[in-house]
Amino acid sequence: MPTTLDTSAPAKDRFLSAFEMSNGQALNGKNASISSHREAAIQRFAELGVPTNKLEAWKYTDISKIVDREYTLPLSMNVPDVDASDLDDVLIEDLDAHRVVTVNGRVHNGLSDIGTLPDGVVVSSLADAGANHPDIVEAHYGKYADFEDEAMTALNTAFVQDGLFVYVPSGTAVEKPIYAVHLTVSDADVMIQPRHLFVVEDGGIATIIEMQHTLTDARVFTNTVREAYVGARGNLDHYIGQVESDASSQVQTTAAYHEDNSVFSTNTITLSGEMVRNNLTITPDGEFCESNLYGLYLGKDQMHVDNQTLVDHVHADCVSNELYKNVLNDASKGVFNGKVFVRPDSQRINAYQSNKSIVLSNEANMYTKPELEIYADDVQCSHGATSGQLDEEGIFYLRSRGLSEKRARILMLQAFAQDIVDEIRVDALREHMTHRLRERFASYFDRSE
Amino acid sequence: MSQSETEYLEGVASKEYEHGWHTDVESGKAPKGLNEDIVRYISQRKDEPEWLLGWRLKAFRYFKMLMEDEDSYPEWAHLKYVKPDLQDISYFSAPKDKAQYDSLDEVPDELLETFERLGIPLQEQKQLTGVAVDAVMDSVSVATTFKEKLKEKGVLFMSFGEAARQHPEIVREHLGSVIPYTDNYFAALNSAVFSDGSFVYVPEGVRCPMELSTYFRINEQGTGQFERTLIVAEKGSYVSYLEGCTAPMRKENQLHAACVELVAHEDAEIKYSTIQNWYPGNPETGEGGVYNLVTKRGICKGDRSKISWTQLETGSAVTQKYPSVILKGDDSVGEFYSVAFTKGHQQADTGTKMVHLGKNTKSTIISKGISAGKAQNSYRGLVKVGKNAENARNFSQCDSLLIGDQCGAHTFPYIEIGNPSAQVEHEATTSKVGEDQMFYCHQRGLGEEEALKLIVNGFCKEILAELPMEFAVEAKELLAIELEGSVG
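Every residue gets a number counted from 1 within its own chain, in the order that chain's sequence is written. Key to labels: chains lettered from A, ligands numbered from 1, both in the order written. A pLDDT threshold of at least 70 governs which residues receive local features in this predicted model, and a stricter bar of 80 or more applies before side-chain atom pairs are shown or counted, although totals over entire chains, interfaces and linings include all residues.

## Describing the overall build of chain A
Looking only at helices and strands, chain A features 11 helices and 22 strands. Computed over C-alpha atoms, the radius of gyration of chain A comes to 21 Å, within 12% of the 22 Å expected from 2.2 N^0.38 for 449 residues, which places it in the range of a compact globule. Dimensions of chain A along its principal axes, counting C-alpha atoms only, are 70 × 50 × 45 Å. By the convention adopted here, residues are in contact when the distance between their C-beta atoms, placed from the backbone, does not exceed 7 Å. Residue pairs at least 24 apart in sequence account for 82% of intrachain contacts in chain A once pairs closer than 6 positions are excluded. Numbering of helices and strands starts at the N terminus; helices are DSSP runs of H or I of at least 4 residues and strands are runs of E of at least 2. Throughout, the radius of gyration refers to the C-alpha atoms, and the reference size of a globule is 2.2 Å times the residue count to the power 0.38.

Written out as structure tokens, the structure reads:
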């Protein structure tokens, strides 16, 4: 039975009573390690409460007004039906991949087309993984996404039911990308809390693409937590496309942990949503790790997107690169808070961070806070942040070459965004994103004319 | 350079922290503790007009509210220290002799000797350096030079208390107009119990003929200093103000919570420079040392006005200050140049706020942090571009240098953009002294310490160049002294 949150009670109590009601029945998964975290997590959530903008980390993003709605919590195992044609509409063309579809946070086997995977590789639901691979889940689940100071992670951990599970055994390369299509379907306002776990063992190589869609006009609030582990010499290339409806909001927490000589890259492209908060924490805990963080946000209407990143250099001799770009139009708001943390004795760290924004309208606001917190001396760390308009000289040049004003501006914006899109190493996805970006930029000028 | 100036600089450049002694001037001191009676006592002792007492009391009542609310204490900074016990501080002390002097002759020899040891021979400075000095010893101004010359131009340069009595209309108009007493915890405290400070008023069209300078000195055991400085530059005027500080050595923590307000009207320019070299606490244990928790803010009220902050922070156990500029007038300019040097157990959380409100406003922030030993050094800044601040322009650069592997350097810049025509750039770097640079210096025959001094001076050069000449030389020496013992 779906549980509807009782909006007469304060937001925090609603979740506590929903937890009480569902605990022992719907919430009891098949896996002991998943269930064992629930009690501690709900207790911590009870202490922390729903974040408000009085907290420094939530200063510019008031998620409490999003949380404070009459959502249903779909806690039953039943998944609503989705037409295959609806799925076809959202799929990326020409993307040859192991496709896995989730509906409201649960893996839908009927719509998925995983195909043949290399030996030992697992792409399944987290619930199944809990039953079939309890040792892997036990070793990694809840180990990276700490809920001590994160109320939304605590909430997710208390209510975890399902999500995507990917396992790549030692020395195995998954050649085709794993393509996750996350769909939200609901007639009523709904809150879902998917939980994903990606484990790439020593020397494993994988690419995971996640696209988030909503097939509903109802208000959707998604509270995702994703944990990723990359073993020594492993390589995980990760992409998130946030293309939900304008009535959708989400808090998305990604915690990645990687070991010696490994590479973890993540690229988040946000094109729509009402309020989106992305928490990204990367911990390179080994020597010669490379962490890459890329993000692009194209704001329109009333969108509010907040990217929080933390690279926690707990080990010496690592490199991290970070580049986030924003284009803000209409009354959209953008927040970026990037932090590079170099722990004592983490010597010889090279960490680069850059945040660039173009603000196109008077109503748009950009809040940037690029931080460095450094406790070791033999390091090279830098950050840069810029905010400005399109370069009028560049536009003049293009116009002198015969481009219309509109074409010139679109081209300039595309050039700005291309730095992020170029980091996509899957051709079909890059084409798809380039096309979407072009459409978006064109729409900026169609309206104003 | 004249002989006496050289001596003066050499005095400052002496190696140990030699300003750590305690002058034996008996003080007229208020009992420890903070309450409404103390506020009234301070006001009465200073012979203040009724309205000023009223303002203090309003501030005090507000502060009382803050004291009762534990959450109101500002704990967000990247600092770890024991909160000062506000009830264990004496809020007023005046040298025992009468509070005002007409000429230097009336100043007791003991006080003059103190200044001598500090390296500020007032008499000689008067003739040789062209700097008027309003020396604040504890809380009451003891000597003011060059007053006459300034008077000719119509420049008012006097202690705050004097100004409140002689020019109440100017003080009343501007006091709290930039930093209201509700601004923050320490601004509220200062507004209630401020002891004295400097007041500068530059009339319309006047270029102040000399650099104005105040030497602050915390002297009496157990007295926090709560200066209040107000500088008003009328239309088309210019003033450059220097502030420099040293403090005697002692064990208990000393609280220093000053407020500095600057008001620049149309086409006016204010240049405010600070050298702060207060007792940083025991270098081994971190014990003692001054808490420097200061609110400094200027407003570019008129069009085309300019405010520039330059600071060299080398002392204090804890420093928390953010000299800020509100760019209200169109085409106004704000600047912030800072070198913060921390070593031993020192902690600094400093930076600036540039609030762009007017059109075509420009701001520049250049901040250099140097961290050695077990010190923690943070830059925290805000660049805010308001909705109507067309064509606002900001450039920020924050560089940190780390010397030794147990120190920390941190950057927390906030950038808030509310206007699309704004162009804002921020860049920051953190690194240690390059081995290639050291190698080059060694190769040219410089020892390790000399090389480090050279490199650090080069790192800070663009800031030091912003200081008035007298300060620039002193600053360079000061940095060199601070660096000693940092190698290895």
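There's more to say after this.
## Quick look at the interface of chain A and chain B
Contacts between chain A and chain B engage 31 residues on the former and 32 residues on the latter. Those elements giving two or more residues to the side of chain A that touches chain B turn out to be strand E21 (365-374) and strand E22 (379-388) of chain A. Each residue is assigned to one of three groups, with Ala, Val, Leu, Ile, Met, Phe, Trp, Tyr, Cys and Pro labelled nonpolar, Asp, Glu, Lys and Arg labelled charged, and all others, Gly among them, labelled polar. By residue class, the composition of the side of chain A that touches chain B is 13 nonpolar, 12 polar and six charged. The criterion for strand pairing is that DSSP finds at least two bridges linking the strands in question. In this structure, E22 of chain A lies alongside strand E24 (residues 423-432) of chain B, joined through eight bridges in antiparallel fashion.

## Things to note about the confidence of the model for chain B
Residues and elements named next belong to chain B. The pLDDT value expresses, per residue, how confident the predictor is, ranging between 0 and 100. In the predicted model, chain B carries a mean pLDDT of 80, and the fraction of residues at 70 or more is 78%. Here residues 123-133 scores under 50 on pLDDT; set against residues more than four positions off or in separate chains, the count is 28 contacts. This complex was scored by the predictor with a pTM of 0.84 and an ipTM of 0.79.

## Structural notes on the pairing of strand E19 (residues 333-342) of chain A
All names here are of chain A. Across the 10 residues of E19, 10 count as buried, placing the element largely inside the fold. To assign burial, the other C-beta atoms lying within 10 Å of each residue's own C-beta are counted, with C-beta atoms placed from the backbone; 20 or more indicates buried, 12 or fewer indicates exposed, and intermediate counts indicate partly exposed. With burial as the criterion, each face of E19 is covered, one bearing Lys 333, Val 335, Asn 337, Lys 339 and Phe 341 and the other bearing Gly 334, Phe 336, Gly 338, Val 340 and Val 342. Two elements, strand E17 (residues 304-313) and E19, share 10 bridges in a ladder whose sense is parallel. Paired with Val 311 across the strands is Val 340, a residue of E19.

## A few points about the nonpolar core
Here, a nonpolar core means buried Ala, Val, Leu, Ile, Met, Phe, Trp, Tyr and Cys residues linked by C-beta atoms lying within 7 Å of one another. Val 166, Ile 178 and Val 342 of chain A together with Leu 262 of chain B are the most contacted members of the largest nonpolar core, which has 251 residues in total. Tallying contributions element by element places helix H10 (residues 405-421) of chain A first for this core, with eight residues. Boundaries of every domain are those given by an automatic assignment or by a domain database. Both domains that meet at this core, namely domain 1 (3-285) and domain 2 (391-449) of chain A, each give it at least three residues. Discounting residues that sit within four places of it in the chain, Leu 262 of chain B has contacts with Val 178, Ile 231, Ile 270, Tyr 272, Gly 298, Ile 299 and Ile 307 of chain B.

## Brief notes about the environment of Asp 312 of chain A
All names here are of chain A. Looking at where Asp 312 falls in the secondary structure, it is placed in strand E17. A C-alpha to C-alpha distance of 6.3 Å links Asp 312 and Val 340, two positions 28 residues apart in sequence. Excluding its chain neighbours within four sequence positions, the residues that come into contact with Asp 312 are Thr 281, Thr 283 and Phe 341.

## Focus on the pairing of strand E23 (residues 408-417) of chain B
Taking burial as the measure, the 10 residues of E23 of chain B include 10 buried ones, the bulk of the element. Side chains Gly 408, His 410, Phe 412, Tyr 414 and Glu 416 of chain B project from E23 of chain B onto one buried face, and the interleaved Ala 409, Thr 411, Pro 413, Ile 415 and Ile 417 of chain B project onto a second face that is buried too. In terms of strand pairing, E21 of chain A meets E23 of chain B through six bridges, oriented antiparallel. Across the sheet, Tyr 367 of chain A pairs through a bridge with Glu 416 of chain B, a residue of E23 of chain B. When strand E21 (residues 376-385) of chain B meets E23 of chain B, the two strands line up parallel, connected through 10 bridges. Along E23 of chain B, the bridge assignment pairs Lys 384 of chain B with Glu 416 of chain B.

## Side note on helix H8 (residues 151-159) of chain A
All names here are of chain A. Counting buried residues along H8, nine of its nine residues qualify, which places the element largely inside the surrounding structure. Restricting attention to buried positions, one finds in H8 the residues Ala 151, Met 152, Thr 153, Ala 154, Leu 155, Asn 156, Thr 157, Ala 158 and Phe 159. The inward-facing, buried residues of H8 contact helix H1 (11-22), helix H3 (38-48), strand E9 (195-200), strand E11 (220-230) and strand E13 (248-258).

## With respect to unusual backbone geometry
Phi is positive for Asp 301 of chain A, which is not a glycine, with a value near 45°. Classification of Asp 301 of chain A as exposed rests on a count of 11 C-beta atoms within 10 Å. We note that Ser 316 of chain B has phi near 70°; this positive angle belongs to a residue other than glycine.

## Focus on the domain arrangement of chain A
All names here are of chain A. In terms of domains, chain A is made up of domain 1 (3-285) and domain 2 (391-449). The C-alpha centroid of domain 2 is placed 32 Å from the C-alpha centroid of domain 1. The partner domain 2 presents 11 residues to the 12 residues of domain 1 that form the contact. Every element with two or more residues in the side of domain 1 that touches domain 2 is listed here: strand E10 (205-214), strand E12 (235-242) and strand E14 (263-270). A breakdown of the residues in the side of domain 1 that touches domain 2 according to their chemical character gives seven nonpolar, two polar and three charged.

## Quick notes on the packing of H1 of chain A against H3 of chain A
All names here are of chain A. Axes here refer to lines fitted to C-alpha atoms; in helices the fit is confined to the stretch in contact. Angles between the N-to-C directions go from 0 to 180 degrees. In contact at an axis separation of 10 Å, H1 and H3 are set at 160° when each is read in the N-to-C sense. Comparing their axes, H3 and H1 come out roughly antiparallel. Crossing of H1 against H3: the hand is left-handed. Residues Lys 12, Phe 15, Leu 16 and Phe 19 of H1 pack against Ile 42, Phe 45 and Ala 46 of H3. Its residues assigned to classes, the contact of H1 with H3 comprises six nonpolar, no polar and one charged. Should an angle fall under 35 degrees it is taken as roughly parallel, and over 145 as roughly antiparallel, whereas 65 to 115 is taken as roughly perpendicular and any remaining angle as oblique. Should the near helix be turned counterclockwise from the far one by less than a right angle, the crossing is left-handed, whereas a clockwise turn marks it as right-handed.

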